[in-house]
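Notes for the structure review
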Amino acid sequence: MGGLFLETLRMSIAASWLILAVILLRAVLKKTPKWMVVLWWGIAALRLTLPFSIESAWSLLPSGGTFNAYSIPYDTPAIHNAVNPVLGGTFTPNPAGSVNPPYVWTSILPVVWCIGIAVMLLYAVISYARVRRSVSERVPYEGNIFLCDHVKSPFILGLVRPKIYLPSSMDAMVMDPVIAHEKAHLARRDHWWKPLGFLILTVHWFNPLCWTAYVLLCRDIELACDEKVIRQMDLVGKKQYSAALLACSTGRRLVIICPLAFGEVDVKERVKNVLHYKKPAFWIIAGAVAACAVVTVCFATNPKRSRPHLAAPGAAAATFFEEQTAIQKSILGHNRRPETPTDILSCCSFVTLDTVLEPPKAGNDVGRATYYGWALYEEYQITDSGLETVRGSHIPVALTFEYDDYGYSLLEYWEPRDGGYYLQDIRKKFPAHIVEDSLDSQKFILQQTQECYAQAIASTGLDTDKVIGPLIETICSGPALSSNPGDYIEAHPIEYRELTYYGRYTLQYCFARFEAGGETGLAGHIMQQACEDIAAGWGEKPLVSSQLMSGALTGQMWYSAFKSNALRLLEQYREMALAERYPASYQLLSMLGEA
């Protein structure tokens, strides 16, 4: 469902530019025959319904106007692997806000979209039933024309066998022009286009421009029909026709609100158009045809995209998000079992050790990319004490994809066999220069686990302060007779490990307590050690030696020194460089509003 909604959203955004162009042309080229304006709306309808589009060098659509649905992660919560956890938290959806926007969009909005479609269809059925009931008592007039006592304005109802319904009280003087108008609608098959337009609107109901297009389409259909009827009339005939329109301008509400009925709309504009109508000159028609061609080429096509190419050794074949989304979906699809309960969160992280690319060859738009690295897959459930791991795996993998302008397709998901074949398989599959890293399971586990925790927290809105605080209290609870903070950590390895797994959330919690002041006791030492271990795991060197744990200094004093150093670093490095080299310091500065 998420994929279908994203594809519909892509089509709607692309068509919006075409709708805007038609609205602009409609306002500028007022003398254009209205049947041609209806044709412009038909091109917009095709853009809204066809899942593909021709690429053109003359397309005026912005490159971001037709986003690639492959670039938005869905199905399960995920945050893509980044250079370090702070860069991941800074330049991807912010878990500190308890919301992962891509996950919310692609998990909730498809449901809202389906509800909207259901409401629109229900509205169509109810309004049709009301109109149908109003013509249940009718008297034949001639052919497919009927007179009804409960009808206030003429209209057409029906798709296969359409019928014209007229008010029984209609004056005989206006009967002939009205019948001519309704028959012109049938000749133009207008009774099909309004329901078709409403059906397209039902799918794209979330797009305000589609509502505008539907309203203008109904008006332009009426104007085109008027022009067809009055084409050969003199001024007297036009005045009689206008009088007939005015006579039918009351009691139209029931028909207007029904998408399956076709009645008179916008009488004031139509009367004005009828009285001022002149047969368009050849140059006007030629200009309208040219405008139609220009609009089609410039707004009904997508801009040509260049083939993926290698900017440098190891560069990605397409956008970073497309690449990472393909990797993420592959890991999740490979590991998540069909019987996994819906309340279990599936999260993953991938650390790339090397990338081998085979760019498209001459005459072929498809290339290959193989990503070697460590894949971490974790399943969590939320408990009163925070995240609880249900199942998981951490293993080196090699993922091979075919890629083109439209995304990635997984060809092979490789992982080594267990037991005695493990080392042999890795040495055979992986490039020699990354074998050592592919065998070191502890080198990336902390960072990857922190990323998975961040994904779960972002998608659930878990209040981490209510989890981290009790973890610190538990660590401080024993051994009661020891004065060495390290002994408390050794006595509670599971709780301390959880403290580090919460990564930047632990830093945020500890920095906030330190900023409030007064952390001169055991809790201050525990928070200091957790902050240093997390920072070290991110590649940031400790500010001072481990003597701080001996009690020579307090955690509060360590924080003051750490803060002062971070402010000095801010003067030396630009924001991106600081975030990459000193991620923990950068996070503190961000919390303080300095970075």
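Values in this document were obtained by computation on a predicted structure and should not be read as measured data. (Residues numbered from 1 in each chain as written. Predicted model: local features only at pLDDT ≥ 70, side-chain atom pairs only at ≥ 80, totals over all residues. Heavy atoms only, no water.)

In this section: the overall build of the protein. Regarding its fold elements, the protein presents 23 helices and 11 strands. Carbon and sulfur atoms provide 59% of the accessible area of the protein, an area that totals close to 29000 Å². (Helix = DSSP H or I, 4+ residues; strand = E, 2+ residues; numbered from the N terminus. Areas by Shrake-Rupley, 256 points an atom, 1.4 Å probe, with all protein chains shown as cover.)

Within this model, the second largest pocket holds a volume of roughly 600 Å³. Where the lining of the second largest pocket is concerned, the elements lending two or more residues are α1 (2–28), α2 (34–49), α7 (208–230) and α10 (267–275). Of the residues contributing to the lining of the second largest pocket, the split by class is 8 nonpolar, 3 polar and 10 charged. (1 Å grid on protein atoms, 1.4 Å probe; cavity = no way out; pocket = protein on both sides within 12 Å on 5 of 7 lines; lining within 4 Å. Points joined across faces, edges and corners; volume = space filled by probe spheres on them. Nonpolar A, V, L, I, M, F, W, Y, C, P; charged D, E, K, R; others polar.)

In contact at an axis separation of 9 Å, helix α18 (residues 493–501) and helix α20 (residues 522–537) are set at 55° when each is read in the N-to-C sense. As summarised for this structure, α18 and α20 are arranged oblique, according to the angle between their axes. The element α18 and its partner α20 pack so that their crossing is right-handed. On the side of α18, the interface is formed by Tyr496, Leu499 and Thr500, while α20 contributes Ile526, Gln529, Ala530, Asp533 and Ile534. Looking at side-chain class alone, the contact of α18 with α20 contains 5 nonpolar, 2 polar and 1 charged residues. (Axes fitted to C-alpha atoms, helices over the stretch in contact; angles between N-to-C directions. Parallel < 35°, antiparallel > 145°, perpendicular 65-115°, else oblique. Left-handed = near helix turned anticlockwise from the far one by under 90°. Contact = heavy atoms within 4.5 Å.)

Strand order across the open sheet formed by 4 strands is β8-β9-β10-β11, with antiparallel pairing between neighbours. One side of each edge strand has no neighbouring strand; the edge strands of this open sheet are β8 (345–358) and β11 (407–414). Mean inter-strand twist for the sheet, computed between neighbouring axes without regard to direction, equals 35°. Pairing between strand β9 (residues 367–383) and strand β10 (residues 386–404): 17 bridges, direction antiparallel. In the sheet register, tyrosine 377 faces β10, and the bridge partner there is serine 393. (Pairing = 2+ DSSP bridges.)

Time to look at the nonpolar core. Leu387, Ile472, Leu499, Tyr502 and Phe511 are the most contacted members of the largest nonpolar core, which totals 42 residues. Broken down by element, this core gets its largest block of residues, 7 residues, from α20. (Core = buried A, V, L, I, M, F, W, Y, C linked by side-chain atoms within 4.5 Å. Buried < 20%, exposed > 50% of the residue type's maximum accessible area, 1.4 Å probe, protein only.)

Together, Leu121, Leu159, Val160, Trp192, Trp193, Leu196 and Leu199 make up an exposed nonpolar region whose accessible area comes to about 690 Å². With respect to the element layout, leucine 199 can be found in helix α6 (residues 190–203). A relative accessible area of 47% means that leucine 199 is categorised as partly exposed. (Patch = residues over 30% accessible without salt bridge, like charges linked within 9 Å, V, L, I, M, F, W, Y side chains within 5 Å. Salt bridge = Lys/Arg side-chain N within 4 Å of Asp/Glu carboxyl O.)

Take the pattern of salt bridges next. Applying the stated criterion across every chain, the model contains 12 salt bridges. A salt bridge links aspartate 437 to lysine 443; the shortest N-O distance between them is 2.9 Å. Classification of lysine 443 as partly exposed rests on a relative accessible area of 48%. Residues aspartate 463 and lysine 466 are paired through a salt bridge, measuring 4.0 Å at the closest nitrogen-oxygen approach. The exposure class of lysine 466 is exposed, given its relative accessible area of 63%.

Let's shift gears to the environment of isoleucine 19. If you trace the backbone, isoleucine 19 turns up in helix α1. Note on isoleucine 19: relative accessible area 0%, which makes it buried. Excluding residues that lie within four positions of it along the chain, isoleucine 19 makes contacts with Trp41, Ala44, Leu48, Leu209, Cys210 and Ala213.

Of note, asparagine 335 is situated in helix α12 (residues 320–335). You can call asparagine 335 buried: its relative accessible area is 14%. Residues contacting asparagine 335, with those up to four places away along its chain left out, are Tyr377, Arg391, Ser393 and Tyr413.

So, on to the packing of helix α15 (residues 445–460) against α18. Direction vectors running N to C along α15 and α18 enclose 75°, while the axes themselves pass 8 Å from each other. Classified by the angle their axes make, α15 and α18 are roughly perpendicular. Facing α15, whose interface residues are Leu446, Thr449, Gln450 and Tyr453, α18 presents Glu498, Thr500 and Tyr501. Looking at the contact of α15 with α18, its residues break down into 3 nonpolar, 3 polar and 1 charged.

Right, let's talk about the environment of glycine 518 for a bit. Residue placement: glycine 518 occurs in the loop between α19 (504–516) and α20. In this structure the C-alpha to C-alpha distance between glycine 518 and methionine 557, which are 39 residues apart in sequence, comes to 9.9 Å.

This next bit is on the side chain of glutamate 323. Tracing the chain through its elements places glutamate 323 in helix α12. No salt bridge is formed by the buried glutamate 323, whose closest oppositely charged neighbour, lysine 329, lies at an N-O distance of 16 Å. Reaching out from glutamate 323, the side chain makes a polar contact with the side chain of glutamine 324 at a distance of 2.8 Å. (Lys, Arg positive; Asp, Glu negative; His and termini not counted. Polar contact = N/O pair within 3.5 Å; in protein donor to acceptor, adjacent residues only side chain to side chain.)

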